[in-house]
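Examining the three-dimensional arrangement
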Amino acid sequence: MNLYLRYFDRETLVNSVDEALAFLGEIEEIGMNPMLENDIREYVASDVFYPKRYKIRPRVYFIIIKTEAATMQDFKEKKAVHAPVAGAAHDRAASPIVNKLNEEKYGWYEGVIDFKRVLMVPGTGKFQYRDTHFVARVKAESGIDCYYRIVEHLQERVDNRSQFPSAKGKNFKFFYLGQAK
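Remember, predicted model here, so these are calculated numbers, not experimental data.

Here is what the cut-offs are and how they apply
- Residues numbered from 1 in each chain as written.
- Predicted model: local features only at pLDDT ≥ 70, side-chain atom pairs only at ≥ 80, totals over all residues.
- Heavy atoms only, no water.
- Axes fitted to C-alpha atoms, helices over the stretch in contact; angles between N-to-C directions.
- Helix = DSSP H or I, 4+ residues; strand = E, 2+ residues; numbered from the N terminus.
- Left-handed = near helix turned anticlockwise from the far one by under 90°.
- Contact = heavy atoms within 4.5 Å.
- Pairing = 2+ DSSP bridges.
- Expected span 1.5 Å × (residues − 1).
- Polar contact = N/O pair within 3.5 Å; in protein donor to acceptor, adjacent residues only side chain to side chain.

Time to look at the packing of helix H1 (residues 17–25) against helix H2 (residues 34–45). The geometry of H1 relative to H2 is characterised by a closest axis approach of 11 Å and an angle of 145° between their N-to-C directions. For the element pair H1 and H2, the recorded crossing hand is right-handed. Facing H1, whose interface residues are Val17, Asp18, Leu21 and Leu24, H2 presents Glu37, Ile40, Arg41 and Val44.

Printed below as a string of structure tokens:
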């Protein structure tokens, strides 16, 4: 595993944490300290493959990216993009929630949605968000269709600043009740 580091126009590709720390130590603005060094070591030792960004001062950062690239040219040409952990991307793309949402089964569904509704406070005339629980029974072709029908219904009846959750999140649930006749 190699590390790509960049601070403005200064960049490098190194083979170890010690080389990375030496590179960062050469840059005065970064101000290496034991806490930063420990954080970098923990990041490199972790299973996380997302780039890590460290703030130096407002709007000034340096980044570290884990890569399999052997050379800077390979890294720039994205020839050594990190392979996902066995099936992780596939599992995320086809998670059980998404499969269940998209499963086509025409009939009656009961959908439960918790959303942020904008309401006016009577005494002040100002608006605020209120958590609202809404349950409806609809004819739909799938769980996602049930979600869209409920949201469409609510959008016609509540303030347009209200916020609706994702169908994949914990604030939307649906239950198949049976076939429609």
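Back to the write-up after that little detour.
For the rest of this paragraph, the subject is the sheet that holds strand E4 (residues 60–67). The strand order across the open sheet formed by four strands is E2-E1-E4-E3, and the pairing between neighbours is antiparallel. Each end of this open sheet is capped by a strand with a single partner; those strands are strand E2 (10–14) and strand E3 (52–57). Neighbour to neighbour, the strand axes of the sheet diverge by 15° on average, direction disregarded. Where strand E1 (residues 2–7) and E2 come together, five bridges link them in antiparallel fashion. Bridging from a neighbouring strand, leucine 5 pairs with threonine 12 of E2. Lying on the sheet, H2 is in contact with E1, E3 and E4; it crosses E4 at an angle near 30°.

This brings us to H2. In an α-helix, one turn spans 3.6 residues, which is why side chains three or four residues apart end up on the same side. With 12 residues, H2 should cover 16 Å at 1.5 Å per step; its first-to-last C-alpha distance of 16 Å lies within 8% of that length. Buried residues along H2 sit in contact with H1, E3 and E4. The N-cap residue of H2 is asparagine 33: its side-chain oxygen and the backbone nitrogen of methionine 35 are 3.1 Å apart.

So far we have only geometry, and geometry alone does not tell us how the molecule works.
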